[in-house]
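Summary of the model geometry
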Amino acid sequence: MSKTFTITRRDKKTKARIGKLKTKSGIAETPFFMPVATRGATKGLTSEELHKMKVQAVISNALILYLRNGSEIIKKSGGIKKFMAHKGINFTDCGGFQMYSKQIYIKSDNKGVLFRNPISGEKLFITPEKDMEIQLDINSDVAMSLDSMPMYEHSKKEIEEATDKTVMWAKRCKEHHDKMQENIPREKRQILFGIIQGGIFEDLRKKATEEMIKLDFEGYSIGGFGLGETIEEEFNVVRAVKEMLPENKPVYLMGIGTPIEILKGIALGVDVFDSRMPSQSARRGTLFTSEGKLKILNEKYKFDQSPVDKNCDCFVCKNYTKAFVRYQLINDEVIGKKLATYHNIYFLTKLIERAKRAIKKGNFEKFMKDFEEKYR
RNA sequence: GCGAUUGUAGUUCAGUGGCAGAACGCGCGACUGUGGCUCGCGUAAUGGGAGUUCGAUUCUCCCCAAUCGCC
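Note that the structure is predicted; figures quoted are calculated from it, not measured.

Thresholds, definitions, all that
Residues numbered from 1 in each chain as written. Chains lettered and ligands numbered in written order. Predicted model: local features only at pLDDT ≥ 70, side-chain atom pairs only at ≥ 80, totals over all residues. Near = placed C-beta within 6 Å. Helix = DSSP H or I, 4+ residues; strand = E, 2+ residues; numbered from the N terminus. Nonpolar A, V, L, I, M, F, W, Y, C, P; charged D, E, K, R; others polar. pLDDT = per-residue confidence, 0-100. Buried ≥ 20, exposed ≤ 12 C-beta atoms within 10 Å, placed from the backbone. Pairing = 2+ DSSP bridges.

1. As for the protein's contact with RNA strand B
- Near RNA strand B lie 48 residues; those nearest to it are Pro118, Gly226, Gly255, Arg276 and Ser279.
- Within the residue set of the surface near RNA strand B, elements represented by two or more residues are β5 (57-61), β14 (272-275) and α10 (277-283).
- Tallied by class, residues from the surface near RNA strand B come to 17 nonpolar, 20 polar and 11 charged.

So, in structure tokens, the structure goes:
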């Protein structure tokens, strides 16, 4: 059968699960982590390198690509997969998160979001329909409905308004997206995920989840985290939303990317993650290791001849010393950023692989607890 | 040897007769659906001596050093 999502394995003690996400570009085994490739590339890494380290998917940004004619160029290049010579699956984000970016966001009303194009200075009105068209031009495998993202510090009333607007837009996205693809065979269609908002308020999240389920998306994204809330607030909401969502739909926890949060998410049955965390932190000198976070720019590693992580088998750890990576990073050489980024993304990808193995062996909960100890 | 100019943080430069600033560097921290790669905190200095003055890093003189020019 050509179902989008199939669960192949379940953990007994937690809600963790292993599944297959089927897209027009191929199948990815969940859970997986997507490095961010905002403009069609993960900073510092080639598509071949991502493929070699078994990254199954990346996520680009429809709005930001659109700002520099990227969506047009990509359309004329035959879609993002071909454009970036990527062997895995491509997600696109809608651009709703850029409401967080004061430099390009102007305002939003019920019809859509007004951005300023920082390149031309022109105002740019993005409606849910327009957003769907951009993502279809880019031709990613999985698109996101346009959301209106509330800020952590907003009042409950403001968050409720944004949440309701997100549901309303999701409906319009779904209708337009379906209509745009009605003549395309099902297996060649772009998949659309609906984004659930609601801040840290369980009641708002539950209401939004209920409405979104009615719209029957192929997958659900939980958005609006990593904005200042505590980890408890975050996972209380994820748990509540997950309990309501249908079991057979893939769930994507947007923007979440610290090792601990990924494991906690997996334990609650989240299937997809993404974050700029591993790539951005790497460039700024924070590396993930089996022993915890490593601040490689610290003076104590100046002459350190050991690898970044002695338990890691990535090519960086097999070939280079801390002293080398540190020196290149400090001197702002691209090789430093590249090696650091490679290691961090490899680490997260490998972490999830190990988590999956633990799920299969039935000791995921212990695996998670042991890991958490090191990241305290 | 003579003349001119300049000596302020590790570096490049502000500034002031009354608590000496910045940038970069260095040290530490942050970073969660990345427009332009950052942000926060910390560190550290008036070349030496004498004089004027209540008080001098600032004004005067001497010494030392550097740079430029002329021999």
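There is more to say, and it comes next.
2. As for the confidence of the model for chain A
- Averaged over every residue, the pLDDT of chain A is 96; the share at 70 or more is 99%.
- As a predicted assembly, this complex carries a pTM of 0.94 together with an ipTM value of 0.93.

3. Overview of helix α5 (residues 128-138)
- For α5, a buried count of 8 out of 11 residues is recorded, marking the element as mostly surrounded by other parts of the structure.
- Restricting attention to buried positions, one finds in α5 the residues Pro128, Asp131, Met132, Ile134, Gln135, Leu136, Asp137 and Ile138.
- Just downstream of α5 lies Asn139, where phi reads positive at about 65°.

4. Some points on the pairing of strand β6 (residues 89-93)
- Here β6 lies mainly inside the structure; 5 of its 5 residues are buried.
- Residues Ile89, Phe91 and Asp93 point to one face of β6 and Asn90 and Thr92 to the other, with burial holding for every one of them.
- Pairing of β5 with β6, which is carried by 5 bridges, proceeds in the parallel orientation. Its bridge partner being in β6, Ser60 is matched across the sheet by Thr92.

5. As for unusual backbone geometry
- Looking along the chain, the bond that leaves Thr30 and enters Pro31 is cis, with omega of -5°.
- Phi at Asn69 takes a positive value of approximately 60°, unusual for a residue other than glycine.
- Summarising the element assignment, Asn69 is placed in the loop between α2 (62-67) and α3 (70-76).
- With 11 C-beta atoms packed within 10 Å, Asn69 lands in the exposed category.
- Its identity as a non-glycine residue notwithstanding, Asp216 has a phi of 55°, on the positive side.
- With respect to the secondary-structure elements, Asp216 resides in the loop between α7 (202-215) and β12 (219-222).

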